Amino acid sequence: MQVPASFDYQRAESVDEALELLRRYGEEARVVAGGHSLLPMMKLRLAAPEVLVDINDLHELDHIVLVGDELRVGALTRHRTLLESELVGRYFPIVHDAEKVIADPPVRNRGTIGGSLCQADPSEDLSAVCGALHAHAVIRGAGGERIVSMADFHQGPYETAVGVGEMLTEVRLPVLPGAGSAYEKVERKAGDWAVAAAGVALTLREGRIADAGVGLAAVGAGALNLHAVQTLLNGSEPSEALYEEAGRVASDSCSPVTDGRGSAEYKRHLAGELTRRALRRAVARAGRPIGSTAREA
Amino acid sequence: MRITVNVNGDDHTREVEPRHLLVRFLRDDLELTGTHWGCDTSNCGTCVVLMDGEPVKSCTVLAVMAAGHEIRTVEDLADGDQLDPVQQGFIEQHGLQCGFCTPGMMLTGRALLDRNPDPSEQEIREAISGQLCRCTGYLNIVKSIQWAARNRAEADGVTETAGSQT
């Protein structure tokens, strides 16, 4: 039987109370929401926080709302809610692509976007998705809110910009005219972590790609936002030759390791191929009216 | 710490450690052993119970997190001697072999039908995709849930001829 090490449990009734608890217990406290990343790590004693601050009652962090040119997603928003959100599907088909293959339905009933991002596992899907979308994270602490880009949010494997006494409260996804996006993942079985996965987001302006974002999952650290591929894509006209080159650059830009899910060579191959596929679909979606992607098979 | 969890319609108050898992709370403290305990790593899904009506893996929920919530286990599916249509479906369509995954599968079937009374085969397969059947009897599990969809509770008990195949 796997049991976590002993800890104290506090259920916060407001964001301010959660922040106060996080400040009081400092380094030894962890936020728990769905718990589907943290509790398995605690069972394996890879994590042993002394205090868990349960934020499941903070319903003000469970929202999806369009404000100006941003979709604001509360940190406590469950995977299932994201998958069932018409608003999310309309503007960010990449999120629905990913949510369909993140774990399985019972896990998606509990897991949250905030937990996924804060876990900062290089194999985690929403991190690559939010990297590709150039999302922003809202971090709240005693001194108020600060907003950081995804590039700054992810500081390395299992490390984020969220400091002691702070918590992620919201993720902001930019809504851009003419946008298209897609996520492609290869997994060994339903609900597994990716062998490799690629997310692409872009806009088409007068037939040329702009605002390109490319994020890879499960191919090593530092692939959540591939500048080299983005630079190649921006300003270029979509073509098979371009996709081929983008895949090659993506493949060269990542650093997969051989493990039970596949060899480094295979994963590098997937990084290229999945980037090409995601790019093709993102471009196709960018050429359609908003919302039409929801009717894709 | 002292918690009260509503399980199958009744409030249960117990003193538990925060690290106590919901599956252990149900099986050891409440002696509701219909909820099975499998991989302990949120992979196999045999420990699925309904939390506020939706399937969750009870090996990855702390009992203290379930406090104040409504948990439903397989023991609550039947109404006295009247089996839930999902249970009857598992009988009619031979939906179980060893029976280890069955409680979780039936609860997932119930939750699916509560939301979507007429699911497609694909929707059923997606709904149970987080749960493993070690006998690999998925086809009959799908058929069992389809049977239940065709034979709703309000249909006044079982209406379809036993053993029918579709």
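Going by what an unreviewed UniProt entry lists, chain A is known as Xanthine dehydrogenase family protein subunit M and is assigned to Streptomyces phaeochromogenes.

*Asks:* Looking at this structure, I do not really get the interface of chain A and chain B. What am I missing?
*Replies:* When the parts come together, some accessible area is lost, and that loss is often what is quoted as the size of the interface. Each side of the interface is counted separately: chain A has 32 residues, and chain B has 32 residues. Taken together, both faces of the contact between chain A and chain B bury some 2400 Å²; the carbon and sulfur share is 58%. At the boundary of chain A and chain B, one finds five salt bridges. Across the salt bridge formed by Arg 115 of chain B and Glu 84 of chain A, the nearest N and O atoms sit 3.2 Å from each other. Taken together, the connections running from chain A to chain B amount to 14 residue pairs in polar contact (both at pLDDT 80 or more). A breakdown of the residues in the side of chain A that touches chain B according to their chemical character gives 15 nonpolar, seven polar and 10 charged.

*Asks:* What should I look at first to understand the domain arrangement of chain A in this one?
*Replies:* Residue and element names in this part refer to chain A. Split by domain assignment, chain A resolves into domain 1 (8-53), domain 2 (62-174) and domain 3 (179-287). Domain 2 and domain 3 are separated by 19 Å when their C-alpha centres are compared. If you look at the interface, domain 2 gives 24 residues, while domain 3 gives 28 residues. For the salt bridge of Arg 285 with Asp 97, the shortest nitrogen-to-oxygen distance reads 2.8 Å.

*Asks:* What should I look at first to understand the sheet that holds strand β4 (residues 64-67) of chain A in this one?
*Replies:* Strands belonging to one sheet form pairs held by backbone hydrogen bonds; the direction of such a pair is parallel or antiparallel. All names here are of chain A. As summarised here, the arrangement of the five strands in space is β4-β5-β10-β6-β7, forming an open sheet in which the pairing is antiparallel. The sheet terminates laterally at β4 and β7 (144-149), the two strands that pair on one side only. Adjacent strand axes in the sheet meet at a mean angle of 25 degrees, parallel and antiparallel pairs treated alike. As judged from the five bridges shared by strand β5 (residues 70-74) and strand β10 (residues 167-174), these two strands associate in the antiparallel manner. Among the inter-strand pairings, Arg 72 is bridged to a residue of β10, identified as Arg 172. Contacting β6 (136-141) and β10, helix α1 (residues 15-25) crosses the sheet at an angle of about 125 degrees to β10.

The rules behind the values
Residues numbered from 1 in each chain as written. Chains lettered and ligands numbered in written order. Predicted model: local features only at pLDDT ≥ 70, side-chain atom pairs only at ≥ 80, totals over all residues. Heavy atoms only, no water. Contact = heavy atoms within 4.5 Å. Buried area = accessible area lost by both parts, 1.4 Å probe. Salt bridge = Lys/Arg side-chain N within 4 Å of Asp/Glu carboxyl O. Polar contact = N/O pair within 3.5 Å; in protein donor to acceptor, adjacent residues only side chain to side chain. Nonpolar A, V, L, I, M, F, W, Y, C, P; charged D, E, K, R; others polar. Domains from an automatic or database assignment. Pairing = 2+ DSSP bridges. Helix = DSSP H or I, 4+ residues; strand = E, 2+ residues; numbered from the N terminus. Axes fitted to C-alpha atoms, helices over the stretch in contact; angles between N-to-C directions.

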